[in-house]
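Below are the chains, spelled out letter by letter.
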Amino acid sequence: MDNDNRVYIFDSTLRDGEQTPGAKLNAREKLEIARQLARLGVDVIEAGFPISSPGDFRAVQQIARLVEGPVITALARTVKEDIDCAWESIKDAEKPRLHIFLASSDLHMDKKLRKDPEVCLQEAVEAVRYAKSFTADVEYSLEDATRSREDYIFKVIEAVIDAGATVINIPDTVGFAVPDEFGLLIKKIRTKVPNIHHAVLSVHCHNDLGLAVYNSLAAVQNGARQVECNINGIGERAGNAALEEIVLAMVIRPDQFPFKTGINLKEIYRTSRMVSKLTGIPIPVNKAVIGINAFAHSSGIHQDGVLKDKRTYEIINADLIGGQAGQMILTARSGRHAVRHQLEEMHYELDQEEFATFYQSFLELADKKKEVYPEDLEALLIDISFAEPTYELVYLQTVSGTKTVPAAVVRLKKGEEMLEEVSSGAGPIDAAYKAIDKVTGIDTRLENYNLRAVTHGLDALGEVSIKVTHEDKIIIGRGVSTDIIEASVKAYLDSINKLINLQANRNSNNIFRNRYRL
Ligand code: KIV
Ligand code: ZN
């Protein structure tokens, strides 16, 4: 395989992925994901759309300053104000790229922009020239390219390359394309645009018809050499092409897709889990490559086959994507050494003090649950706070039933003070949340609530992830416990503590920080 077969992976989890309803991330969370994307080996990180909010601007700026390795890019419309703002946010990056976009379909130009195609073409060229005055690396995207007139997009591509664009991106913005047709479009661009060899040809596929991955692969087979995709396929509406699926298709079927990427396969599993936890978007159990059922065999015939030879019913080995790194099932009798060893296998590094806190939580869990799996350890790491929280749960009692008014008693510790409140509610969780509100006096709005079982069985840990808003702030809270009401209360308290930290501008206690060997 020569260099012609190298496909660049452009990750847009932090920009298009964050456009998933309910997936808003704060700056710290974006930074942690960006660091993990660098470990994963993506070539480009699209860190955000800086003009969209001051918060996003700061998040992109922090990523640009702190994350080394990949190209860091930020999105901008074809207006100076956007480009200035995007450049200001990424200018300190080791390898900055400006990413400019404008619609190219008659539908978008006429109905949305209310502009003539020639005016749009001129704007595109001027924007690229302007971006070029800041950096050599400029990407230009033709929004809604797959519903645009071919002669028009060829003209735009030629003009923006002449103006200095180094990457040309062809988005299937509404997931309308089908593979043969999309592949053909890429081929035509390569043959009909005379200066196309001066730019890298990229694609960006949405999944409205469930074809995003297939369309991206068809494009690569026809000469595209950058693929824009997101972890777990999250993104606007039905999402974007899933990074892990594209990469694995190339690894498992090199006969069909003889291409290579710079992706470190062993980091796929961890990246996927991290993105799911921090965005609060669960991974479907049957999700290709990464869902928990992807390596589970339930029918007797399949189990028999796999026991005799895994290859009978498995084309992807979980170990390949870092999913089974030395799995060990721990119990209450497992000593510190075994627990630390397992954490190290999972690439978590805790200092002595952190490990002491962690081990205590592990013992409490192992008392309730006979077998503790690696997934449980990961959930515990999310749950325990290594910094002093403002409020700590000391006591919780709830009542609920068919003929009872649900009620809760909550006792919280704040410094040396013990604070207790009682409340009724629509259910025990609502009652407990209201009791907490009475104690803290903080008014929040619950936007999103997710509960999932971390492993199998009735004694499985329940992991609750919630999203609350307070004024203009969005906060994700998480909690785990074998008792789902307790997990829900912990998640709520976690969000309250984070909010207080944020207001006081204190440092994060995000467990992902520095916890990976970088
Ligand atoms: O889907 C799309 O067209 C986009 C562009 C801004 C690249 O996200
Ligand atoms: Zn998009």
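Rules behind the numbers
- Going along each chain's sequence as written, the residues are numbered from 1 onward.
- Key to labels: chains lettered from A, ligands numbered from 1, both in the order written.
- Per-residue local features of the predicted model are confined to residues with pLDDT of at least 70, and side-chain atom pairs are confined, for both listing and counting, to 80 or more; whole-chain, interface and lining totals are unaffected and use all residues.
- Computation of side-chain values: all heavy atoms of the structure, hydrogens and water removed.
- Under the scheme used here, helices are H or I runs from DSSP no shorter than 4 residues and strands are E runs no shorter than 2 residues, and both carry numbers assigned from the N terminus.
- Only C-alpha atoms enter the radius of gyration, while the globule expectation follows 2.2 Å times N to the 0.38, with N the number of residues.
- Buried, partly exposed and exposed residues are distinguished by accessible area as a fraction of the type maximum, computed with a 1.4 Å probe on protein chains only: under 20%, between the cut-offs, and over 50%, respectively.
- Residue contacts are defined here by distance: any two heavy atoms, one from each residue, within 4.5 Å place the two residues in contact.
- In this description, accessible areas are obtained by the Shrake-Rupley approach with a 1.4 Å probe, and a residue is regarded as covered only by the protein chains that are shown.
- The charge count includes Lys and Arg as positive and Asp and Glu as negative, but it does not include His or the ends of the chains.
- Charge placement uses NZ in Lys and CZ in Arg. For Asp and Glu, CG and CD serve respectively.
- Boundary definitions for the domains trace back to an automatic or database domain assignment.
- Accessible area, probed at 1.4 Å, shrinks when two parts are joined; the buried area is that loss added up over both.
- Salt bridges are counted wherever a side-chain nitrogen of Lys or Arg sits within 4 Å of a carboxyl oxygen of Asp or Glu.
- Pairing of N or O atoms within 3.5 Å defines a polar contact, subject to two protein rules: one partner must be a possible hydrogen donor and the other a possible acceptor, and residues neighboring in sequence count only if both atoms are side-chain atoms.
- Residues enter patches when they are more than 30% accessible in relative terms and free of salt bridges; like-charged ones are connected within 9 Å and nonpolar ones (Val, Leu, Ile, Met, Phe, Trp, Tyr) within 5 Å.
- Coordination shells were defined by N, O and S atoms within 2.8 Å of each metal, extended to 3.2 Å for Na, K and Ca; water is absent from the atom set, which can make sites look incomplete.
- Within this scheme, the nonpolar core is defined by two criteria: the residues are buried Ala, Val, Leu, Ile, Met, Phe, Trp, Tyr or Cys, and they are joined through side-chain atoms within 4.5 Å.
- As a rule, the C-alpha atoms of each element are fitted with a line to give its axis, helices using only the stretch in contact, and angles between N-to-C directions run from 0 to 180 degrees.
- Here the angle decides the label: under 35 degrees means roughly parallel, over 145 means roughly antiparallel, 65 to 115 means roughly perpendicular, and every other value means oblique.
- Handedness of a crossing follows from how the near helix is turned relative to the far one, being left-handed for an anticlockwise turn of less than a right angle and right-handed for a clockwise one.
- When residue character is reported, Ala, Val, Leu, Ile, Met, Phe, Trp, Tyr, Cys and Pro are called nonpolar, Asp, Glu, Lys and Arg charged, and the others, Gly included, polar.
- Each pair of strands is called paired provided DSSP finds at least two bridges between the two strands.

Draft legend 1. Structural context of the overall build of the chain. Along its length, the chain carries 16 helices and 14 strands. Taken over the C-alpha trace, the chain has a radius of gyration of 25 Å; the compact-globule value for 518 residues is 24 Å, and the two agree within 12%. Projected onto its principal axes, the C-alpha coordinates of the chain cover approximately 70 × 60 × 45 Å. Burial status across the chain gives 55% buried among its 518 residues. Across the chain, the fraction of contacts at a sequence separation of at least 24, relative to all contacts at a separation of at least 6, is 66%. Only carbon and sulfur atoms are counted for the fraction: they give 50% of the accessible area of the chain, which is about 22,900 Å². Across the chain, the centroid of the 62 positively charged side chains sits 1 Å from that of the 75 negatively charged ones.

Draft legend 2. Region of interest: the domain arrangement of the chain. Domain annotation for the chain reports domain 1 (3-279), domain 2 (295-325), domain 3 (336-384) and domain 4 (392-504). Of note, the centres of domain 3 and domain 4, computed from C-alpha atoms alone, are 23 Å apart. Together, the buried faces of domain 3 and domain 4 total about 950 Å²; carbon and sulfur atoms form 61% of this surface. Here domain 3 is connected to domain 4 by zero salt bridges. Inspection of the region where domain 3 meets domain 4 yields zero residue pairs in polar contact (both at pLDDT 80 or more). Every element with two or more residues in the side of domain 3 that touches domain 4 is listed here: helix H13 (352-368) and helix H14 (374-383). Considering every element that reaches the side of domain 3 that touches domain 4, the biggest residue donor is H14, with six residues.

Draft legend 3. Fine view of a nonpolar patch on the surface. A cluster of nonpolar side chains, Leu446, Tyr449, Leu451 and Ile484, forms an exposed patch at the surface whose accessible area comes to about 330 Å². With three residues, strand S12 (residues 445-453) is the single largest residue contributor to the nonpolar patch. As for its position among the elements, Leu446 is in strand S12.

Draft legend 4. Geometry of helix H9 (residues 243-252). Among the ten residues that make up H9, seven are buried, leaving the element largely enclosed by the rest of the structure. For H9, every residue scored as buried is listed here: Leu243, Glu244, Ile246, Val247, Leu248, Ala249 and Met250. Close packing links the buried residues of H9 with strand S1 (8-11), helix H1 (27-40), helix H8 (212-221), strand S8 (226-229) and helix H10 (268-279).

Draft legend 5. Quick look at the coordination of the zinc ion (ligand 2). Around the zinc ion (ligand 2), the protein contributes the donor atoms Asp16 (OD), His204 (NE2) and His206 (NE2), at 2.0 to 2.2 Å from the metal centre. Donor residues for the zinc ion (ligand 2), ordered by position in the chain, follow D-x187-H-x1-H. Linking Asp16 in the loop between S1 and H1 with His204 in strand S7 (residues 200-205), this pair joins segments that are 188 residues apart in sequence. Given the relative accessible area of 5%, His204 is considered buried.

Draft legend 6. Focus on the nonpolar core. Counting residues in hydrophobic clusters, the biggest one holds 95 residues, and the most contacted among them are Tyr140, Ile168 and Ile170. Residues in contact with Ile170, not counting those within four places in the same chain, are Leu142, Ala145, Ile157, Phe182, Leu185, Ile186, Ile189, Leu201, Ser202, Val203 and His204. Judged by nonpolar contacts, the second largest core, of 23 residues, contains Ile442, Val464, Val468 and Ile475.

Draft legend 7. A look at the environment of Phe154. Take Phe154: it is sitting in helix H6 (residues 150-162). The class for Phe154 is buried, based on a relative accessible area of 13%. Note: C-alpha distance between Phe154 and Glu354 (200 residues apart in sequence) is 57 Å. The residues contacting Phe154, other than those within four sequence positions of it, are Lys188, Ile189, Lys192 and Val193.

Draft legend 8. Highlighting the packing of helix H15 (residues 428-440) against helix H16 (residues 484-503). At their nearest, the axes of H15 and H16 sit 10 Å apart, and the two run at 30° to each other. By the angle between their directions, the pair H15 and H16 is classed as roughly parallel. The handedness of the crossing between H15 and H16 comes out as right-handed. Where H15 abuts H16, its residues Pro428, Ile429, Ala432, Tyr433, Ile436, Asp437 and Thr440 lie against Ile485, Ser488, Val489, Tyr492, Leu493 and Ile496. Its residues assigned to classes, the contact of H15 with H16 shows ten nonpolar, two polar and one charged.

Draft legend 9. Looking closely at the sheet that holds strand S10 (residues 407-414). Across the sheet, three strands lie side by side as S9-S10-S11; this open sheet has antiparallel pairing. Where the open sheet ends on each side, the last strands, each with one partner, are strand S9 (392-399) and strand S11 (417-424). Direction aside, the axes of adjacent strands within the sheet are offset by 10° on average. Examined bridge by bridge, S10 and S11 share eight bridges and lie antiparallel to one another. Paired with Val409 across the strands is Val422, a residue of S11. Lying on the sheet, H15 is in contact with S9, S10 and S11; it crosses S11 at an angle near 135°. Sitting on the sheet, H16 touches S9 and S10, and the angle it makes with S9 is about 135°.

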